Amino acid sequence: MTSAAVAAQTRHLSAKFLCPVWHHPGIGVFMVFVLACWQRWSMPGLPLADPDTWGYLNPALQHLAGNGMPQTACRSIAYPLFLWAVLGVSGDFHSIAFVQHLLGLLSGVVWILAFRIWLGFLPAETWLRSFSGWCAAVCLALYLCNPATLAFESQIRPEGVFPLFGLSQITTTLIFIRIHRTQPGSSACILSAAVSALLAAVCLSLKPSWGLAALVPLAVIAASIFSFGKHLSLPGRVGPALAALVALVFWNLAVPRWVGWAADPTCGSHLAGTLFTVHADIISREMHSRAARGDLDVAEADFLKKLDERIEESRQLTKSAYKILGHDPDYLLFASDALWTLPNLSANDFAKRNAYLRQAYLRSVVNEPFLMLRKIMRQMAAAFGDASKSVFS
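Per chain, residues are indexed from 1 in the order of the written sequence. Thresholds applied to this predicted model are a pLDDT of at least 70 for local features of residues and 80 or more for the giving and counting of side-chain atom pairs; totals over whole chains, interfaces and linings are not thresholded and use all residues. Only hydrogens and water are removed before side-chain values are computed, so all heavy atoms of the structure are retained for them.

Draft legend 1. Local environment of helix α18 (residues 369–383). A rise of 1.5 Å per residue sets the reference length of α18, with its 15 residues, at 21 Å; its end C-alpha atoms lie 21 Å apart and thus fit the reference within 8%. Looking only at α18, the buried set comprises L371, M372 and K375. Summarising the axial view, the buried residues of α18 lie within an arc of 105°, below the 170-degree limit, and thus occupy one face. For α18, exposure combined with an orientation more than 90 degrees from the buried face picks out F370, M377 and A381. Only DSSP runs of H or I reaching four residues or more are called helices, and only runs of E reaching two or more are called strands; each is numbered from the N terminus. Here, expected helix span is obtained from the residue count minus one, scaled by 1.5 Å. Note on classification: 1.4 Å probe, protein chains only; a residue is buried when its accessible area is under 20% of the maximum for its type, exposed when over 50%, partly exposed between these limits. The arc refers to the directions leading from the helix axis to the C-beta atoms.

Shown next, in the form of C-alpha cells:
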C-alpha cells in the first residue's frame, strides 16, 4: 500500500471515529456532571461553621423561635432567609450542606443554560459551536469541580448558594436581551426584566462585593427604554423598567417587613471599613505617593503613619487566613485602633467617616490599578490552587 493510500485510510478512520466525538461536546459536559456528583456524594454531610456563621444563623433561629429576624453581625437578609427555609422544612442541620450541594449542581445546569443562550449570539458555523462547546465543558469543570466550590458548599456561609443566584442573574439578563430583540414589550420581556432585577438584589445581599455586577441588569433594562429598533408604545418601553422597580421594592421593603427583619443601625460602617482594610496596603501606597507630592495635610500624615504601624503589626500575627493579602484586615478593622480616628473627622460622624473610607478605596483603584490587578491575580491563582488548603485537609 502506498504512502498516499495509508494517509487516505488514516484520514478516513479519523473522520469516522474522532469527528463524532468532536461534534458532541455534550459528552464532556455529561462527564463533568458525573464527576461533580461523585465529589459531592463523597463529602461528609456535615455543615461547617466559622466565626461569621452566627451572623447568618442567629436571625434564622430567632425567626424559627418566633422572635422576628434580628440582623446579626451586620450580615444581610438573603442567606438567613435561606437557612430559615431549609431548617424550617427539614429541622436538621445536616440538610444545610445537602441542599447546598444540590444547589451547586443546579448552578452547573444554569451555567450551561447561560452558555447556550450566549452561544445563540455567535455566528452559526458548526466548527465554532463545537469548539465553544468543549471550551464550555473545560470551564464548567474548573468551576463545578473546584475544591473551593465544594468547600463553600459545605460551609454555613452565603458562598454556598451564591453561585446559583449569580449565574441565574446572568442567565435572566441574557434572556431579557434576547426576548427584547424579538418581542419587545411582551409579557415575557417584562417578566424576565423583573426576575433579573430581583436576582440582582438577592445577589447583592448575599455578596456585597457583587455590587458593580448587580448594576448590569439594571443598566441593560434602563437602556432598553431608549431602544429604537422597533416601534413601541410608551407602556411597552417602560414596562420592563417598571417591573424591575416593583421587584426591587418587593425585595427591599415587603420581604423584610414580612419576616420581621430588624436592621441594626450601626452596620452602615461595615462595608466601608471592610473595603478599606482589605486594600489597606494599596491605600497606604497611594497615600505615600500623594505625600511625596506634598498633598497630605498634618492630620492625614499622622493617620498614614499609624496605619502603616498597624499594617505591620497585622503582618506579624500568626495567620490562619488572609495569607494571600499579606496583612490581616480583621485585625485592622476589629482589633486595632487603625480606624478609630480618621483625618479631620469626628468619631461620631458616621456618614462622613464612611464616605472617607470609600473615597480612599476608590482613589487607590484609580491611582494604583496595577497593584489592584496584581491582588486580583493572586486571588485567582489561589482559587484554583492546592486542594489540601481546603476542606479536603
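Draft legend 2. Structural context of the packing of aromatic side chains. The pairing test for Phe, Tyr and Trp rings, Trp by its six-membered ring, is centres within 6.5 Å, and the orientation test on the planes gives stacked under 30 degrees, edge-to-face over 60, and tilted for anything in between. For the structure on display, the rule yields 8 aromatic pairs. Seen from their ring centres, W84 and W258 are 5.8 Å apart, and the 80° between their planes marks the pair as edge-to-face. Residue W84 is found in helix α5 (residues 78–90), and its partner W258 is found in helix α12 (residues 234–259); the two are separated by 174 residues along the sequence. Judged by its relative accessible area of 23%, W84 falls in the partly exposed class.

Draft legend 3. Highlighting unusual backbone geometry. Of note, the phi angle at C74 is positive, near 65°, even though the residue is not glycine. Under the relative-accessibility criterion, C74 is labelled partly exposed at 22%. Phi at N344 takes a positive value of approximately 60°, unusual for a residue other than glycine. Considering the arrangement of structural elements, one finds N344 in the loop between α16 (329–335) and α17 (350–367). Look at N344 and you get exposed, because its relative accessible area is 58%.

Draft legend 4. Representation of the environment of V366 in the model. Tracing the sequence through the fold places V366 in helix α17. On the basis of relative accessibility, which here comes to 61%, the residue V366 falls in the exposed class. Here the alpha-carbon distance between V366 and E286, two residues 80 residues apart in the chain, equals 9.6 Å.

Draft legend 5. Structural detail: helix α14 (residues 280–292). For α14, with 13 residues, the first-to-last C-alpha span of 18 Å sits near the 18 Å given by 1.5 Å per residue. Those residues of α14 that fall on the buried side of the exposure criterion are A280, I282, I283, S284, E286, M287 and R290. Residue G294 follows α14 closely and has a positive phi angle near 80°.

Draft legend 6. Quick peek at the side chain of T277. Turning to its location among the elements, T277 is positioned in helix α13 (residues 268–278). A polar contact of 3.4 Å, which involves the side chain of T277, links it to the backbone oxygen of T274. Any N or O atom pair separated by 3.5 Å or less is treated as a polar contact, with the protein-specific requirement of one donor-capable and one acceptor-capable atom, and with residues adjacent in sequence counted only for side-chain atom pairs.

Draft legend 7. Geometry of the side chain of S336. Of note, S336 is situated in the loop between α16 and α17. On the basis of relative accessible area, S336 is assigned to the buried category, the value being 5%. Once residues within four sequence positions are removed from consideration, S336 is found in contact with R310 and Y331. Whether two residues touch is decided by their heavy atoms; if any such pair falls within 4.5 Å, the residues are in contact.

Draft legend 8. Main features of the packing of helix α10 (residues 187–206) against helix α11 (residues 211–224). Lines fitted to C-alpha atoms define the axes here, with helix axes fitted over just the stretch in contact, and angles between the N-to-C directions of these axes take values from 0 to 180 degrees. Here α10 crosses α11 at 165°, and the two axes come no closer than 9 Å. As summarised for this structure, α10 and α11 are arranged roughly antiparallel, according to the angle between their axes. Our pair here, α10 against α11, has a crossing hand that is left-handed. Contacts between α10 and α11 involve A193, S196, A197, A200 and L204 from the former and G211, A214, P217, L218 and I221 from the latter. Three classes are used: nonpolar for Ala, Val, Leu, Ile, Met, Phe, Trp, Tyr, Cys and Pro, charged for Asp, Glu, Lys and Arg, and polar for all others, with Gly counted as polar. The class makeup of the residues in the contact of α10 with α11 is 8 nonpolar, 2 polar and no charged. An angle below 35 degrees is read as roughly parallel, one above 145 as roughly antiparallel, one from 65 to 115 as roughly perpendicular, and any other as oblique. Here is the rule for handedness: rotate from the far helix to the near one, and if that takes an anticlockwise turn smaller than a right angle the crossing is left-handed, while a clockwise turn gives right-handed.

Draft legend 9. Structural view of a nonpolar patch on the surface. A cluster of nonpolar residues, I27, F30, M31 and V34, forms a patch on the protein surface that exposes about 390 Å² of accessible area. Position of M31 relative to the elements: it lies in helix α3 (residues 26–42). For patch building, the residue pool is restricted to those with more than 30% relative accessible area and no salt bridge; the joining distance is 9 Å between like charges and 5 Å between nonpolar side chains (Val, Leu, Ile, Met, Phe, Trp, Tyr). Note on areas: Shrake-Rupley, 1.4 Å probe, and residue coverage restricted to the protein chains presented here. In what follows, salt bridge is the name for a side-chain nitrogen of Lys or Arg lying within 4 Å of a carboxyl oxygen of Asp or Glu.

Draft legend 10. Broad picture of the environment of E312. Here E312 shows up in helix α15 (residues 298–315). Residue class for E312 comes out partly exposed when judged on its relative accessible area of 38%. Between the C-alpha atom of E312 and that of H327, which follows or precedes it by 15 residues, the distance is 7.6 Å.

Draft legend 11. Just the nonpolar core, in detail. Side-chain atoms within 4.5 Å link the members of a nonpolar core, which is a set of buried Ala, Val, Leu, Ile, Met, Phe, Trp, Tyr and Cys residues. I77, Y79, L83, W111, L140 and W251 are the most contacted members of the largest nonpolar core, which totals 46 residues. At the level of elements, α3, α4 (53–64), α5, α6 (94–119), α7 (126–144), α9 (162–182), α10 and α12 are the ones that each hand at least two residues to this core. Residue contributions to this core peak at 8 residues, all from α6. Residues contacting I77, with those up to four places away along its chain left out, are M69, S205, W251, V255, P256, V259 and W261.

Draft legend 12. Geometry of the packing of α6 against α9. Where α6 contacts α9, the two axes come as close as 9 Å, and the packing angle between them is 25°. Considered as vectors, α6 and α9 are oriented roughly parallel to each other. Seen along the crossing, α6 lies across α9 with a hand that is left-handed. Contacts between α6 and α9 involve L103, L106, S107, V110, W111, L113, A114, I117 and W118 from the former and P163, L164, L167, S168, T171, L174, I175 and R178 from the latter. Class assignment for the residues of the contact of α6 with α9 results in 13 nonpolar, 3 polar and 1 charged.

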